[in-house]
Amino acid sequence: MTSTEILYSDPLKAATLAAAEIAQASGIATHDVALVMGSGWVGAVDALGTPTFECNAEDITGFFPPAVEGHSGKVRSYEIKDGDRSIRALVFLGRTHLYEGKGMEPVVHGVRTAVKAGCKVIILTNACGGINTAYRVGQPVLIRDHISLTAQSPLVGATFVDLTDLYSKRIRSIMKSADSSLQEGVYVHWRGPTYETPAEIHMMRTLGADLVGMSTVPEAIAAHALGAEVLGISLVTNAAAGVTGEKLNHEEVIAAGKAAASSMGELLAKTIPQII
Ligand code: 8IG
């Protein structure tokens, strides 16, 4: 069987194999925390120091080459020192999205691999549109809860997983103690690849959403279902459709991400030792 066939026929086995390959190649038997760096967040990892290991994700079982600009498709290991304690962070630079049309398995393979690699906490970052008109471009927002509009789940069968504390209250409160200006919001998952129409954004706001994006929700569910604690952070990189009257473009997203990356990275570097 090819690596892709294993992913689709037995995703948890693919994740177990991928975790073993990362342990073997990096020399780090278990990792403590995983970070998935979305569009615009890649520069934030510089604040974690120099990686002790890096490889191309596509060289590991079940991973595909990157499909989006701003997503480099690397897997790295970092050592974060906290006194005499050493925290091992597994970092995915980029992710697979539902709109790529490869189905759900590649979308959640990274977080499943991270859990199999030992990670108890999964930090999911993304760039998103701001539906809440109080948000400004370049502002990070903690995901408090989500609304799924894709009608797709990474889980199959009679797995009735509770999602009442999907985005860990414990971790959100650590983040807010570290930066009291952090806001929380409800993230709505839109399949894409088109952005929304202004009418769809109006609908989402009416439903109670503050942020809109094309990722994170399946990964949060898959990680939680395997017992990991989840933090989701969105960087608002554009006002959602119809909010300002301007059109949306991907370049704006990349630029806003670049501008905010270093302060986001410092926040993560500072809070990870408190979270783990
Ligand atoms: I960045 O406005 C980014 N990702 N669905 N809508 C959706 N995804 C996004 C948006 C947006 N901005």
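Now for a description of the structure that goes with this document. For clarity, every value in this text was computed on a predicted model and none was experimentally measured. (Residues numbered from 1 in each chain as written. Predicted model: local features only at pLDDT ≥ 70, side-chain atom pairs only at ≥ 80, totals over all residues. Heavy atoms only, no water.)

## A short note on the packing of aromatic side chains
Aromatic rings considered in pairs are described by the distance between their centres and by the relative angle of their planes. Our working definition: When the centres of two rings from Phe, Tyr and Trp lie within 6.5 Å, Trp using its six-membered ring, the rings pair. Their planes under 30 degrees apart give stacked, over 60 give edge-to-face, and anything left gives tilted. Counting from the N terminus, the helices are the DSSP runs of H or I reaching at least four residues and the strands are the DSSP runs of E reaching at least two. Under the scheme applied here, a residue whose accessible area is under 20% of the maximum for its type counts as buried, over 50% as exposed, and between as partly exposed, the area being computed with a 1.4 Å probe on protein chains only. When the NZ atom of lysine or the CZ atom of arginine is within 6 Å of a ring's centre and also within 35 degrees of its normal, the charge is said to sit over that ring.
Applying the stated criterion across every chain, the model contains 1 aromatic pair. Between Phe63 and Phe92, the aromatic rings sit 5.8 Å apart at their centres with planes inclined by 20°, giving stacked as the arrangement. With Phe63 in the loop between β2 (53–56) and β3 (74–82) and Phe92 in strand β4 (residues 85–93), this residue pair connects regions lying 29 residues apart in the sequence. Residue class for Phe63 comes out buried when judged on its relative accessible area of 16%. Over the face of the ring belonging to Phe64 we find Lys102, whose NZ or CZ atom lies 5.1 Å from the ring centre.

## Regarding the environment of Ala19
Put simply, the test is: Should any heavy atoms of two residues lie within 4.5 Å, those residues are counted as being in contact.
Here Ala19 shows up in helix α2 (residues 11–26). The residues contacting Ala19, other than those within four sequence positions of it, are Thr113, Lys116 and Ala117.

## Examining a nonpolar patch on the surface
Heads up, the condition is: For patch building, the residue pool is restricted to those with more than 30% relative accessible area and no salt bridge; the joining distance is 9 Å between like charges and 5 Å between nonpolar side chains (Val, Leu, Ile, Met, Phe, Trp, Tyr). The Shrake-Rupley method, run with a 1.4 Å probe, gives the accessible areas here. Residue values count only the displayed protein chains as cover. The term salt bridge refers to a side-chain nitrogen of Lys or Arg lying within 4 Å of a carboxyl oxygen of Asp or Glu.
On the surface, Leu149, Met203 and Leu207 cluster together to form a nonpolar patch covering roughly 240 Å² of accessible area. The partly exposed category is assigned to Leu149, whose relative accessible area is 32%.

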